[in-house]
Amino acid sequence: MAEYFSFTDQQIINILNISGLLITGIEKVVAIYYDHNLEDNYAKCYKRNSTGSLIEDFMIEDGKNLIQKLRKEKTSYNWYKKEELPFDIIEADKLKMGVFDEFENVVLLLRYFNEHDKKYDLIFIYFNNNAGNFGVCSSDKSLSTENKSIIANLLFNSIKTIIETNSQNLQILQLLNENTKSIIQNYYSVKEELKIIKKSYGQSLINLCCGYIKEFSAKRNKDYKLTEDALKKISEYNGDINNLKSTIERTLLYVDNTRFDSDNEVFEINDWDINFYDYDLKDKPDKNIMITNKYTKTILLLDKLENASQEVKSKNYNLTSVNVGNLCPTPISAPAISDALRKHRRKILYLMKKHPEKWKIIRKEFRPLLNIIAAKSDMEDYFKFERS
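What counts and what doesn't
Sequence order as written defines residue numbering, which begins from 1 separately in each chain. Residue-level local features of this predicted model are given only where pLDDT is at least 70; pairs of side-chain atoms are given and counted only at 80 or more, and the full residue set underlies all totals for whole chains, interfaces and linings. To get the side-chain values, take all heavy atoms of the structure and skip hydrogens and water. Strands are runs of DSSP state E lasting at least 2 residues, helices are runs of H or I lasting at least 4, and numbering of each runs from the N terminus. For every residue, the accessible area obtained with a 1.4 Å probe (protein chains only) is divided by the maximum for its type, and the residue is called buried under 20%, exposed over 50%, and partly exposed between those limits. Note on definitions: a residue-residue contact is assigned when non-hydrogen atoms from the two residues lie within 4.5 Å. Surface accessibility in these figures is a Shrake-Rupley result with a 1.4 Å probe; residues are shielded only by whichever protein chains are displayed. What counts as an axis is a line fitted to C-alpha atoms, over the stretch in contact for a helix, and the angles between N-to-C directions run from 0 to 180 degrees. Roughly parallel covers angles under 35 degrees, roughly antiparallel covers those over 145, roughly perpendicular covers 65 to 115, and oblique covers all other angles. Classes in brief: Ala, Val, Leu, Ile, Met, Phe, Trp, Tyr, Cys and Pro nonpolar; Asp, Glu, Lys and Arg charged; the others, Gly included, polar. Stacked, tilted and edge-to-face pairs are distinguished by plane angle, under 30 degrees for stacked and over 60 for edge-to-face with tilted covering the rest, among Phe, Tyr and Trp rings (Trp via its six-membered ring) whose centres lie within 6.5 Å. Counted as over-ring charges are cases with an Arg CZ or a Lys NZ within 6 Å of the ring centre that also lie within 35 degrees of the ring normal. Both cavities and pockets are sets of points on a 1 Å grid over the protein atoms alone; in a cavity a 1.4 Å probe fits but cannot get out, in a pocket the set is open with protein on both sides within 12 Å along at least five of seven lines, and lining residues sit with an atom within 4 Å of a point. Grid points are joined across faces, edges and corners, and a volume is the space filled by probe spheres set on the points. For a crossing to be left-handed, the near helix must be turned anticlockwise from the far one by less than a right angle; the clockwise case is right-handed. Counted as a polar contact is a pair of N or O atoms within 3.5 Å, where, for protein atoms, one must be capable of donating a hydrogen and the other of accepting one, and residues adjacent in sequence contribute only when both atoms are in side chains.

Looking only at helices and strands, the chain features 13 helices and 10 strands. Within the span of the chain, comprising 388 residues, buried residues form 42% of the whole. A sequence separation of at least 24 residues applies to 64% of the contacts in the chain between residues at least 6 apart. Per element, the accessible surface of the chain, about 22200 Å² overall, is 51% carbon and sulfur.

Quick look at the structure:
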């Protein structure tokens, strides 16, 4: 016989209850099993009383040697008279009872292999020695050998099915628990990895902006320093990195014009000095993000001209193409400005209409751009195309 099962406390309780229901007129069922968690043998007893049924724990004191002998035998079942099993089981409340002292009853012993200690767990079923309990013949006749064989096989296989089902359910539950734990561990692992990547990316953005500040500082012959809050704001930026250079340039221009009377040798850049345009904000719709990417070069051109125009006006120069070109980060000639505006004409007009709050100086005062805006007779079809 090679059935590999291991009882748990809950399985024992379920089996005792079901065994009591399977057999009409049963007196009690006793289960003796090895608990691998506690590494010892334990016993539970199912009994009927006037109010129903009861399952109690037992402490095994007598007959331990016989129990060990019975747990080593390999037959699926045996029938015993009570006097053939001369050991007692003591209830938890210390009231001693003779388990096998009613000579008129018979005891059916069922064995199920326990994979933990490689012995057999035992189930003793007590019932009256007559066939009437099973409806196989009149109640005053004793159970025949054939009757007992049928009953033993029926009960053995029924309980075996219960154990197999419980074991399968337990395996499935353990598998689900393991998978759940694995998913949770993977979640926290990925979360931690994302945190590290985000931190690394944020530091890369800071390094990039610091490089831009160093570049512009050399051109302006001034020193700038980012505050902790400004560094944090830059590290959390998730817009198009192509816009960072123009953002830093605008920021320095703003700082120069708002703190021109400062005696500090180093100009401090606060988080509120840094203004990312709305197309770089986190809550920008996907469509607008796509538009930003498509129009990045045009936006950078307009930003460059707007920033240079601000500096021209701050110096009280005339807003001409020559002056604006000279104050660009990389100086550009007046013809080159006109050529760039002409090449980006359609996109410029679209952006001007989509973002009326931006580029306020050049859209109102910069003559090369005003010429582009004035010549827009063929742009209606382009706007319809962009809106679609």
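Still to come is the rest of the account.
Okay, the packing of helix H7 (residues 296-314) against helix H10 (residues 345-354) next. The interhelical angle for the contact between H7 and H10, taken along N-to-C directions, is 75°, at an axis separation of 10 Å. On the basis of their axis angle, the class for H7 and H10 is roughly perpendicular. Residues Thr298, Ile299 and Leu302 of H7 form the contact with H10, whose own contacting residues are Lys347, Ile348, Leu351 and Met352. Residues that form the contact of H7 with H10 fall into these classes: five nonpolar, one polar and one charged.

Summed over the entire model, instances satisfying the criterion amount to six aromatic pairs. Ring geometry for Tyr112 against Phe156: centres 4.9 Å apart, planes inclined by 5°, an arrangement best described as stacked. Residue Tyr112 is located in strand E7 (residues 105-114), and its partner Phe156 is located in helix H3 (residues 145-220); the two are separated by 44 residues in the primary sequence. Here the two residues Tyr112 and Phe156 agree in accessibility, since each one is buried. Where Phe113 meets Tyr120, the ring centres are 5.2 Å apart and the plane angle is 70°; that geometry is what we call edge-to-face. Residue classification places Phe113 among the buried residues on the basis of a relative accessible area of 12%. Overall, the relative accessible area of 5% leaves Tyr120 in the buried class. For the cation-ring pair, Lys148 lies above Trp79, with the distance from its terminal atom to the ring centre recorded as 5.3 Å.

It is worth spelling out the layout of surface pockets at this point. When its volume is computed, the largest pocket comes out at roughly 340 Å³. Considering the residues around the largest pocket, the lining is formed by 17 residues, among which Arg220, Asp256, Glu311, Lys315 and Leu327 are closest to the centre. Sorting elements by how many residues they give to the lining of the largest pocket places helix H5 (residues 244-258) first, with four residues. Here the residues of the lining of the largest pocket sort into seven nonpolar, three polar and seven charged.

The next subject is the environment of Ser200. Structurally, Ser200 is set in helix H3. The partly exposed category is assigned to Ser200, whose relative accessible area is 45%. Measuring from C-alpha to C-alpha, the distance between Ser200 and Ser235 comes to 9.1 Å, with 35 residues separating the pair along the chain.

Turning our attention to unusual backbone geometry. Backbone geometry places Lys118, a non-glycine residue, at a positive phi of 60°. The exposure class of Lys118 is exposed, given its relative accessible area of 56%. For Asn316, which is not glycine, the phi dihedral falls at a positive 60°. Residue position: Asn316 is located in the loop between H7 and helix H8 (321-326). Overall, the relative accessible area of 70% leaves Asn316 in the exposed class.

Take the packing of H3 against helix H4 (residues 228-235) next. When two helices pack together, their arrangement is given by the angle between the helix axes and the distance between those axes. With their axes 8 Å apart at the nearest point, H3 and H4 run at an angle of 115° to one another. Considering only the axes of H3 and H4, their crossing is right-handed. Counting all contacts with H3, which are made through Gly202, Leu205, Ile206 and Cys209, the residues of H4 involved are Leu231, Ile234 and Ser235. For the contact of H3 with H4, a count of residues per class yields five nonpolar, two polar and no charged.

This part is about the side chain of Ser246. Summarising the element assignment, Ser246 is placed in helix H5. The class for Ser246 is buried, based on a relative accessible area of 7%. For Ser246, the contacting residues outside a window of four places in its chain are Leu300, Asp303 and Asn307.

Here we take up the side chain of Arg71. Here Arg71 shows up in helix H2 (residues 64-72). A distance of 2.8 Å separates the side chain of Arg71 from the backbone oxygen of Tyr120, its partner in a polar contact. Apart from the residues within four sequence positions on either side, Arg71 is in contact with Tyr34, Asn41, Asn114, Asp117, Lys119, Tyr120, Asp121 and Leu122.

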